[in-house]
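Observations on chain architecture
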Amino acid sequence: MKRSQDNKKDESRKDKGTKSPSHKEKLTPEEVWKNAAILLGTKKKETAPKSTQSTRNFDFSDVCMEIEKVNKERILQHGNGHEDSVRRFYEVETSNSLVHIPNFRDLEKKYVPRTPLETPSFFPKTPLYVFESQDIFKKLDIDTLFFIFYSQLGTIQQYYAAVQLKTYSWRFHTKYFTWFQRLDEPKLITADYERGDFLFFDYDVTWSFMKKSDFTFEYKYLECSEW
């Protein structure tokens, strides 16, 4: 009885031109992607929010009229507004624009190393431009500032390092070419010198901070330039 009912269902499906779910045709990959694109496209259209922003049109006619007005007034300064005065106006304006033209050759900085060495191709060949600014020196530690001061002689970097060292209460001794800093209040101060305990940076031997007790710092060796 059950088999006869199943047979009748199969026959009715065949009569209607429908296929059994187990006999579905396999879609090609191209058809699968095509159907997926159609479904996604319809979903985007359904969920796409309506734009509420309106395009604003700016009117610059007033600005253009003001510029034309100024140009006409300046043209009249060179004559009565005829063709000669207009030509004269543009000649003057062109020559004025060339007065302060920059010299691009001066802007080109060619770096020449003092001790050239052979380095790999990936190694930097020029210094970083960040060290051309004094602000970066405010972020460097004391040891780095001393290294720059003693290694970059005669450069703007040496100057910037000296300026920053002075903000940390270091003073330069021109005779010993060394930086000193007070450890305590001087024991004796005169018009020519002061005596007391100092901290100095030994750049020549130990590259470290050393203590100098009962040292006489003569003011004639004090670097007094406004660094």
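Notes on the structure follow. Treat the numbers as computed from the prediction; the structure is a model and nothing was measured.

This part is about helix 7 (residues 156-167). Look at helix 7: 17 Å from first C-alpha to last across 12 residues, which is about the 16 Å you get at 1.5 Å a residue. Within helix 7, 9 of the 12 residues are buried, which leaves it mostly tucked inside the rest of the structure. Those residues of helix 7 not exposed but buried are Gln157, Gln158, Tyr160, Ala161, Ala162, Val163, Gln164, Leu165 and Lys166. Against the buried residues of helix 7 lie helix 6 (142-151), strand 1 (171-173) and strand 2 (178-182).

Further remarks concern the nonpolar core. If you look at the biggest cluster of nonpolar residues, it comprises 16 residues, and the most contacted ones within it are Phe137, Phe146, Phe149, Tyr150 and Trp179. Broken down by element, this core gets its largest block of residues, 5 residues, from helix 6. Beyond its immediate chain neighbours, meaning those up to four positions away, Phe137 contacts Phe131, Leu145, Ile148, Gln157, Tyr160, Ala161 and Gln164. Among the nonpolar cores identified, the runner-up in size contains 5 residues, and Phe180, Phe200, Phe215 and Phe217 belong to it.

Moving on: unusual backbone geometry. Trans is the prevailing form of peptide bonds, just as negative phi is the prevailing case for residues other than glycine. A positive phi angle, near 55 degrees, is found at Phe177, a position not held by glycine. Relative to the elements of secondary structure, Phe177 occurs in the loop between strand 1 and strand 2. Unusually for a residue other than glycine, Trp207 sits at a positive phi of about 50 degrees. Along the chain, Trp207 turns up in the loop between strand 4 (193-202) and strand 5 (208-218). Look at Trp207 and you get partly exposed, because its relative accessible area is 31%.

Attention now goes to the pattern of salt bridges. With the rule as written, the count across this model stands at 4 salt bridges. Between Glu194 and Arg182 there is a salt bridge, with the nearest N and O atoms lying 2.7 Å from each other. Taken together, the residues span a long stretch of sequence, with Glu194 in strand 4 and Arg182 in strand 2 at a distance of 12 residues. By relative accessible area, Glu194 is classed as buried at 5%. With its nearest N and O atoms 3.9 Å apart, the salt bridge here joins Asp197 to Lys187. Remark: Lys187 occurs in the loop between strand 2 and strand 3 (188-189) and Asp197 occurs in strand 4; sequence separation between them is 10 residues. Lys187 gets classed as exposed once you look at its relative accessible area, which sits at 58%.

Both faces of the sheet carry side chains from a regular strand, because those side chains alternate between them. The element strand 4 is extensively covered by neighbouring structure, given that 8 of its 10 residues are classed as buried. As paired elements, strand 2 and strand 4 share 3 bridges and run antiparallel to each other. Its bridge partner lying in strand 4, Phe180 is registered against Phe200. Relative to strand 4, strand 3 runs antiparallel, the two being bridged by 2 bridges. The partner of Leu188 across the bridge, within strand 4, is Arg195. Connecting the antiparallel pair strand 3 and strand 4 is a turn made up of 3 residues. Pairing analysis gives 9 bridges linking strand 4 to strand 5, with the strands arranged antiparallel. Bridge pairing in strand 5 places Arg195 opposite Thr216. Taking the residues that link successive antiparallel strands as the turn, the strand 4-strand 5 hairpin has 5 residues, and the phi of Trp207 there is positive, at about 50 degrees.

Criteria and thresholds
Residues numbered from 1 in each chain as written. Predicted model: local features only at pLDDT ≥ 70, side-chain atom pairs only at ≥ 80, totals over all residues. Heavy atoms only, no water. Helix = DSSP H or I, 4+ residues; strand = E, 2+ residues; numbered from the N terminus. Expected span 1.5 Å × (residues − 1). Buried < 20%, exposed > 50% of the residue type's maximum accessible area, 1.4 Å probe, protein only. Contact = heavy atoms within 4.5 Å. Core = buried A, V, L, I, M, F, W, Y, C linked by side-chain atoms within 4.5 Å. Salt bridge = Lys/Arg side-chain N within 4 Å of Asp/Glu carboxyl O. Pairing = 2+ DSSP bridges.

Function cannot be inferred from these measures alone, as they are strictly geometric.
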